[in-house]
Amino acid sequence: MFSSQDEYWMRQALMMAEDARQAGEVPVGAVLVLGDEVIAQGFNCPISRLDPSAHAEMIALRRGAEKISNYRLLHTTLYVTLEPCIMCAGAMVHARIQRLVYGALDPRAGAVVSRARILDQEFLNHRVEYAGGLMAAECGEILTAFFRERR
């Protein structure tokens, strides 16, 4: 189901999550890949940017669009350490990413399989392939440790 390349890119996303943690943000990281090249990456930063939309996925999608000078991110794969929320799942559809690979489930707000199945809605004009659970334990642990430290 997952390749060694998938694991490699998820490790890169985990490094971005660590950057978020060090910045005092919820540790979620994302990496956007086209072919064998990272075209963008991002980590959660809504607190520091005073921007509720500054999720890791949104940062990566914005930067990716800027990098290729196109809001359509065709043939890309987005690696993210946590199951995306409704906002981020919707943005992936609008950006026309090809594939999403995520780590840990988000039972509270996940919009891919946990709380809603946004990417499976038949009315959408684009289908995003998705697979979850890659390195889920590692992706979940960075979040668990972050919130444990906060309590």
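By the naming in an unreviewed UniProt entry, the chain goes by tRNA-specific adenosine deaminase and is assigned to Aquicella siphonis. Per its UniProt entry, the chain bears the Catalytic activity (unreviewed entry) comment "adenosine(34) in tRNA + H2O + H(+) = inosine(34) in tRNA + NH4(+)". Under the Sequence similarities (unreviewed entry) heading, UniProt states for the chain: "Belongs to the cytidine and deoxycytidylate deaminase family. ADAT2 subfamily."

S.K.: Honestly, the overall build of the chain in this entry has me stumped. Any pointers?
M.R.: The secondary structure content of the chain amounts to five helices and five strands. Put simply, the chain runs from its N terminus to its C terminus through helices and strands in the order α-β-β-α-α-β-α-β-β-α. The C-alpha atoms of the chain give a radius of gyration of 14 Å, which matches the 15 Å a tight globule of 151 residues would have. Projected onto the principal axes, the alpha-carbon positions of the chain cover approximately 45 × 35 × 30 Å. Every one of the 151 residues in the chain was classed for burial, and the buried ones make up 48%.

S.K.: I would appreciate a short explanation of helix α5 (residues 136-150) in the present structure.
M.R.: Because each turn of an α-helix spans 3.6 residues, side chains separated by three or four positions end up pointing in the same direction. Taking 1.5 Å of rise per residue, the 15 residues of α5 would be expected to cover 21 Å, and the 21 Å separating its terminal C-alpha atoms lies within 8% of that figure. When α5 is considered as a whole, its buried residues turn out to be C139, G140, I142, L143, A145 and F146.

Rules of the game
Residues numbered from 1 in each chain as written. Predicted model: local features only at pLDDT ≥ 70, side-chain atom pairs only at ≥ 80, totals over all residues. Heavy atoms only, no water. UniProt positions renumbered as here; feature names shortened; annotations may be inferred. Helix = DSSP H or I, 4+ residues; strand = E, 2+ residues; numbered from the N terminus. Rg over C-alpha atoms; globule rule 2.2 N^0.38 Å. Buried < 20%, exposed > 50% of the residue type's maximum accessible area, 1.4 Å probe, protein only. Expected span 1.5 Å × (residues − 1).

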